[in-house]
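# Observations on the three-dimensional arrangement
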Amino acid sequence: MPVRKKVTLKTIANELGLTIQTVSKALKGKPGMSEATRQLIVLTAEKSGYYTKEQIRSLRLQHIAPYPIERQRFLLVQTQESVNYNRLLLEGLHERFASFGHQINTLLLPKTIREKAMGRWLEEHEVHYADGVFIAPSILPKAWEKPLFELEMPRMLLSFPPPRNQGG
């Protein structure tokens, strides 16, 4: 197993040309800098794998390893029609999973396909080799739901119930 390079506040400060105090204040959420500077520091810390003691403590309480032993690949399956609708969803998933070293890939489901061919299509696109799948809302045709739910891996349906009838 490779030895993990130790990242410190000084490492981040040197990379960004800032003081250690500025980096520390940004990661603790204290005032004294622009929001752009704070975001840059936080993103740099995440990309380099730097965690504050409070972040590590919080992750441990949630039983999440701050430094993943193995990198995993997840899929967000969606249809072409839902790409714009799910853009923010994908960005949020990608940002959170990337902070743990994992990868989110998108897979566009074909709009027209016979139900008998769906299993073969999933095999051809190596869906079974993913570590998990997120199923985006508004999958059409609805026939896709059954083969996606039958996958033998962690599955998460990212959907919302239809609004209740308010009138009655």
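Scroll up a little and you will see the structure.
Predicted model only: the values in this text are computed from it and were never measured. (Residues numbered from 1 in each chain as written. Predicted model: local features only at pLDDT ≥ 70, side-chain atom pairs only at ≥ 80, totals over all residues. Heavy atoms only, no water.)

### Details of the sheet that holds strand β4 (residues 155-157)
The strand order β2-β1-β3-β4 describes an open sheet built from four strands, whose pairing is parallel. Both outer strands of the open sheet, β2 (103-109) and β4, are each paired with one neighbouring strand and no more. Within this sheet the neighbouring strands show an average axis-to-axis angle of 20 degrees, counted without direction. For strand β3 (residues 132-135) and β4, the ladder comprises three bridges, and the chain directions are parallel. Residue Ile135 lies in a different strand from β4, and its bridge partner there is Leu157. This element, helix α5 (residues 87-98), spans β1 (73-79), β2 and β3 of the sheet and lies at about 150 degrees to β2. (Pairing = 2+ DSSP bridges. Helix = DSSP H or I, 4+ residues; strand = E, 2+ residues; numbered from the N terminus. Axes fitted to C-alpha atoms, helices over the stretch in contact; angles between N-to-C directions. Contact = heavy atoms within 4.5 Å.)

### A word on the pattern of salt bridges
In the structure shown here, the tally under the stated rule is two salt bridges. Here Arg38 and Glu35 are joined by a salt bridge, their closest N and O atoms 3.5 Å apart. Note that Arg38 and Glu35 are positioned in helix α3 (residues 35-48) at a spacing of three residues, about one turn of the helix. Between Glu150 and Lys146 there is a salt bridge, with its nearest N and O atoms 3.2 Å apart. The exposure class assigned to Lys146 is exposed, which follows from its relative accessible area of 57%. (Salt bridge = Lys/Arg side-chain N within 4 Å of Asp/Glu carboxyl O. Buried < 20%, exposed > 50% of the residue type's maximum accessible area, 1.4 Å probe, protein only.)

### Remarks on a positive patch on the surface
Together, Lys25, Lys28, Lys30, Lys53 and Arg57 make up a positively charged patch on the protein surface. Tracing the sequence through the fold places Lys25 in helix α2 (residues 20-28). (Patch = residues over 30% accessible without salt bridge, like charges linked within 9 Å, V, L, I, M, F, W, Y side chains within 5 Å. Areas by Shrake-Rupley, 256 points an atom, 1.4 Å probe, with all protein chains shown as cover. Lys, Arg positive; Asp, Glu negative; His and termini not counted. Charge placed at Lys NZ, Arg CZ, Asp CG, Glu CD.)

Purely geometric stuff here, so don't read any function into it on its own.
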